[in-house]
Amino acid sequence: MPVLLLGVSLPDKKLVRIALTYFYGIGHKTAQKLCSKFSIHDTCKISDLTESQLNAISLELNNMTIESDLRRQVRNNILHHRAIGNYKGKRHAMGYPVRGQRTSTNAKTARKLNGKWLKSFTT
């Protein structure tokens, strides 16, 4: 039975350091730091955690900017660049790569992602 932690379902059989990466904004490095902070060994699974350990992890995650707060922050940063009209904002608006990648080839991901999800948030 999966454990629900801050609205994210974590599978029982996953290692804790892997399951923590299910949160948007937490990568492997941050998950490893959290495990070492709460003295959780590398082979510990979610089902092996005690209630107090789950509460401690939950409190620590509440203090971090993750999930919808982080998504909102990233979206607002992109909208800010678009509003002031700088180079990055224009590239996002046109759906081109933002960080200097080439556009004649290999820009499929940028065309797929940049600007598409912002269409409804035009200023």
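For the protein chain, the name recorded in an unreviewed UniProt entry is Small ribosomal subunit protein uS13m, with Rhizophagus irregularis as its organism. UniProt annotates the protein chain under Subcellular location (unreviewed entry) with the comment "Mitochondrion". Quoted straight from UniProt, the Sequence similarities (unreviewed entry) entry for the protein chain says "Belongs to the universal ribosomal protein uS13 family."

Visitor: Would you mind going over the nonpolar core with me for this structure?
Guide: Within soluble globular proteins, side chains that are nonpolar generally end up buried alongside one another. Val16, Leu20, Phe23, Ile26, Leu49 and Leu61 are the most contacted members of the largest nonpolar core, which has 20 residues in total. Looking at this core, the elements that each hand over two or more residues are strand E1 (3–5), strand E2 (8–10), helix H1 (16–19), helix H2 (28–37) and helix H3 (51–62). Those residues in contact with Leu49 that lie beyond four places of it in its chain are Val16, Ile40, Cys44, Leu54 and Ile57.

Visitor: When you look at the pattern of salt bridges in this model, what are you seeing that I'm missing?
Guide: Opposite charge on two side chains permits pairing when their charged atoms draw close. Taken as a whole, this structure holds 2 salt bridges when the rule is applied. Lys37 serves as the salt-bridge partner of Glu60, at 2.8 Å between the closest nitrogen and oxygen. Residue Glu60 is found in helix H3, and its partner Lys37 is found in helix H2; the two are separated by 23 residues along the sequence. The partner of Arg72 in a salt bridge is Asp69, with the nearest N and O atoms 3.1 Å apart. Placement of the pair is Arg72 and Asp69 together in helix H4 (residues 67–84), with a separation of 3 residues, close to one helical turn. Residue classification places Asp69 among the partly exposed residues on the basis of a relative accessible area of 41%.

Visitor: How do you make sense of unusual backbone geometry when you look at a structure like this?
Guide: Glycine aside, negative phi is the norm for most residues, and most peptide bonds take the trans geometry. In this structure, Leu6 is a non-glycine residue whose phi angle is positive, near 55°. The topology assignment puts Leu6 in the loop between E1 and E2. The partly exposed category is assigned to Leu6, whose relative accessible area is 37%.

Visitor: Quick question: what am I supposed to make of helix H5 (residues 87–94) here?
Guide: Note: α-helices contain 3.6 residues per turn, so residues at a spacing of three or four share the same orientation. Among the residues of H5, those classed as buried are Gly89, Arg91 and His92. Mapping the buried residues of H5 onto a view down its axis gives an arc of 165°, with all of them on the same face. Structurally, H5 contributes buried residues whose contacts are with H4. Of the residues flanking the end of H5, it is Gly95, one or two places downstream, whose phi is positive at about 80°.

Visitor: Looking at this model, I keep getting lost on the layout of surface pockets. Mind explaining?
Guide: What the largest pocket holds in volume is close to 460 Å³. Together, 18 residues line the largest pocket, and Ile78, His92, Val98, Arg99 and Asn114 are the ones closest to its centre. Elements with a contribution of two residues or more to the lining of the largest pocket: H4, H5 and helix H6 (108–113). Element by element, the count of residues in the lining of the largest pocket is highest for H4, at 6 residues.

Visitor: So what exactly am I meant to see when it comes to H2 here?
Guide: If you check which residues of H2 are buried, you get Ala31, Leu34 and Cys35. Buried positions in H2, seen along its axis, are confined to an arc of 100° and lie on one side of it. Facing away from the buried surface of H2 by more than 90 degrees, the exposed residues are Lys29, Lys33 and Ser36. Just beyond H2, the residue with positive phi is Ser39, at close to 55°.

What counts and what doesn't
- Residues numbered from 1 in each chain as written.
- Predicted model: local features only at pLDDT ≥ 70, side-chain atom pairs only at ≥ 80, totals over all residues.
- Heavy atoms only, no water.
- UniProt positions renumbered as here; feature names shortened; annotations may be inferred.
- Core = buried A, V, L, I, M, F, W, Y, C linked by side-chain atoms within 4.5 Å.
- Buried < 20%, exposed > 50% of the residue type's maximum accessible area, 1.4 Å probe, protein only.
- Helix = DSSP H or I, 4+ residues; strand = E, 2+ residues; numbered from the N terminus.
- Contact = heavy atoms within 4.5 Å.
- Salt bridge = Lys/Arg side-chain N within 4 Å of Asp/Glu carboxyl O.
- Arc of directions from axis to C-beta.
- 1 Å grid on protein atoms, 1.4 Å probe; cavity = no way out; pocket = protein on both sides within 12 Å on 5 of 7 lines; lining within 4 Å.
- Points joined across faces, edges and corners; volume = space filled by probe spheres on them.

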